[in-house]
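Descriptive analysis of the structure
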Amino acid sequence: MQAALVNGASSHIAELDDIHKASIIHAATVVIPAALAVSEWKGKSGKEFITAIVLGYEVCYRIGEAVSPSHYYYWHNTATCGTFGAAAAAAKLLDLTENQIIFALGSAGTQASGLWEFIEDGAMSKQLHPGKAAYNGTLSALLAEKDFSAANRILEGDRGFFHAMSDRFDASRVTDQLGGRFKIIENSFKVHASCRHTHSAIDVILMLREKHKIAFDKVAEIHIRTYKTALDITNNPDPDSVYASKFSIQFCAALACLRGQAGLSDFDEVSLQDPSIRSLMKQINVSVEPSIEMDYPNKWGAEVEFVLKNSRSIKHRADYPKGDPENPVSLTELTTKFHDLASTSHKSTQTLVDYILNIDKVNALKDHNLFKTV
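Residues numbered from 1 in each chain as written. Predicted model: local features only at pLDDT ≥ 70, side-chain atom pairs only at ≥ 80, totals over all residues. Heavy atoms only, no water.

By the element assignment, Asp 17 lies in the loop between α1 (2-12) and α2 (31-42). No salt bridge is formed by the buried Asp 17; the nearest opposite charge belongs to Lys 190, separated by 4.1 Å. At a separation of 2.5 Å, a polar atom in the side chain of Asp 17 contacts the side chain of His 12. Beyond its immediate stretch of four places on either side in the chain, Asp 17 contacts Ser 11, His 12, His 26, Thr 29 and Lys 190. (Helix = DSSP H or I, 4+ residues; strand = E, 2+ residues; numbered from the N terminus. Buried < 20%, exposed > 50% of the residue type's maximum accessible area, 1.4 Å probe, protein only. Lys, Arg positive; Asp, Glu negative; His and termini not counted. Salt bridge = Lys/Arg side-chain N within 4 Å of Asp/Glu carboxyl O. Polar contact = N/O pair within 3.5 Å; in protein donor to acceptor, adjacent residues only side chain to side chain. Contact = heavy atoms within 4.5 Å.)

It is worth spelling out the packing of helix α4 (residues 77-93) against helix α6 (residues 125-145) at this point. Following both chains from N to C, one finds α4 and α6 inclined at 40°, their axes separated by 7 Å at the closest point. In this structure, α4 crosses over α6, and the sense of that crossing is right-handed. Only His 129, Pro 130, Ala 133, Ala 134, Asn 136, Gly 137, Thr 138, Ser 140 and Ala 141 of α6 make contact with α4, whose side of the interface consists of Thr 78, Ala 79, Gly 82, Thr 83, Ala 86, Ala 87, Ala 90 and Ala 91. Of the residues in the contact of α4 with α6, the class split is nine nonpolar, eight polar and no charged. (Axes fitted to C-alpha atoms, helices over the stretch in contact; angles between N-to-C directions. Left-handed = near helix turned anticlockwise from the far one by under 90°. Nonpolar A, V, L, I, M, F, W, Y, C, P; charged D, E, K, R; others polar.)

In this structure the tally under the stated criterion is 23 salt bridges. Ionic pairing is found between Asp 217 and Lys 218, a salt bridge with its closest N-O pair at 3.7 Å. Overall, the relative accessible area of 51% leaves Asp 217 in the exposed class. With relative accessibility at 48%, the residue Lys 218 sits in the partly exposed group. Between Lys 322 and Glu 333 there is a salt bridge, with the nearest N and O atoms lying 3.9 Å from each other. On the criterion of sequence distance, the pair formed by Lys 322 in the loop between β4 (313-318) and α15 (331-342) and Glu 333 in helix α15 is long-range, its members being 11 residues apart. What makes Glu 333 partly exposed here is its relative accessible area of 38%.

With that settled, consider α4. Between the first and last C-alpha of α4 there are 24 Å, a value that for 17 residues agrees with the 24 Å anticipated at 1.5 Å per step. The largest bend along α4 reaches roughly 35° and is located at Thr 83. Counting buried positions along α4 yields 16 of 17 residues, so the element is predominantly enclosed. (Expected span 1.5 Å × (residues − 1). Bend = angle between axes of the 7 residues up to and from the residue.)

Our next topic: a nonpolar patch on the surface. Nonpolar side chains collect at one region of the surface, where Tyr 73, Tyr 74 and Leu 115 lie side by side and expose about 360 Å² of accessible area between them. In this structure, Leu 115 sits in the loop between α5 (98-111) and α6. Residue Leu 115 is classed as partly exposed on the basis of its relative accessible area, which comes to 46%. (Patch = residues over 30% accessible without salt bridge, like charges linked within 9 Å, V, L, I, M, F, W, Y side chains within 5 Å. Areas by Shrake-Rupley, 256 points an atom, 1.4 Å probe, with all protein chains shown as cover.)

Let us look at the packing of aromatic side chains. How two aromatic rings sit relative to each other is given by the distance of their centres and the angle of their planes. In this structure the tally under the stated criterion is 13 aromatic pairs. Ring geometry for Tyr 72 against Trp 116: centres 5.3 Å apart, planes inclined by 80°, an arrangement best described as edge-to-face. Taken as a pair, Tyr 72 in the loop between α3 (46-67) and α4 and Trp 116 in the loop between α5 and α6 lie far apart in primary sequence, 44 residues in all. The same class applies to Tyr 72 as to Trp 116, namely buried. A ring pair is formed by Tyr 73 and Tyr 74, whose centres lie 4.8 Å apart and whose planes are at 90°; its orientation type is edge-to-face. Look at Tyr 74 and you get exposed, because its relative accessible area is 52%. Here a set of aromatic residues connected by ring pairs shows up, and it is made of Phe 84, Phe 161, Phe 162 and Phe 169. Taking NZ or CZ as reference, Lys 42 lies 4.2 Å from the ring centre of Trp 41, over its face. (Phe/Tyr/Trp six-rings, centres within 6.5 Å; stacked < 30°, edge-to-face > 60°. Lys NZ or Arg CZ within 6 Å of the ring centre and 35° of its normal.)

The subject of this paragraph is the sheet that holds β4. What the four strands build is an open sheet, ordered β2-β1-β3-β4; its pairing is mixed. The outermost strands of the open sheet, each flanked by one partner alone, are β2 (284-288) and β4. Mean inter-strand twist for the sheet, computed between neighbouring axes without regard to direction, equals 15°. By the bridge criterion, six bridges tie strand β3 (residues 302-308) to β4 in an arrangement that is antiparallel. When the bridges of β4 are listed, Glu 305 appears paired with Lys 315. (Pairing = 2+ DSSP bridges.)

Below is the structure:
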């Protein structure tokens, strides 16, 4: 449980983890830590490890879809719905019976928590959320293994998860095409080290910047039009910390304009205090675009318009940020991202890459120490 907690928390810090649009969940930060902890402990094979991950993703994504988007206003889906995914992955690896799996999900649901209020302070709670979700999911499965009982109708019951935590839920989303289409193939990957709700705007800015060779001293105004949830989470014209800057669409946009990228190393105290970035942020206006709002959460789109001082206007819209299945990243790009993130803590990142890409051939995960820092 402690391993799941530590890996879950650390997975969320860089803001470069995966995301699923319809459920608004970063599943890797909760499901994989739980699955890895149990797999290493029990000596499970790579295929068993992968199977547990797929099932964990399936469970949390379907529950997330059922309660979104209304749930997301107050609740951090990764933490709440992710707890169910971690429990399902651990339950699979522990070979629980059907009744024990029900108990595991029941205990997971009664522990599901994680409120968005932390974002008002730029607080550290966001990292606690997935760590605790991975921990609680693992704990739920371990308790269930000992026949520790829990609610049988934790989702749909009158005082269960759906009724308590969503103004508008659709329970049918849990079983729609169940077994016919696996949700993990709908997964998205991040290429920018900021809140995913800022990514479409960043992508458009980078494209327009490259295509039109825009000189930003010639820009009078920048308009960003997107969906309401993006602004609920990222409309922050004056972030006061590096962490808060990752949740400021104004800062991320200005950073992309002036730096031509928004990677992990771009979010630091130097950038936060950069007068050129701060000045450009004042020229950025954000608003909800009804047609983009209508498409959310199936599309996480944004339109960016540059109004130049000569009154010329340049604008473009993107419906899918880079890394979505509809706008995919290549294996080479993902491998490069891995090298960039792991190179400071490990001597041989290529050894890790080779291991991970062939993990289905590993007989027992406990026999390997490749994930330990060298």
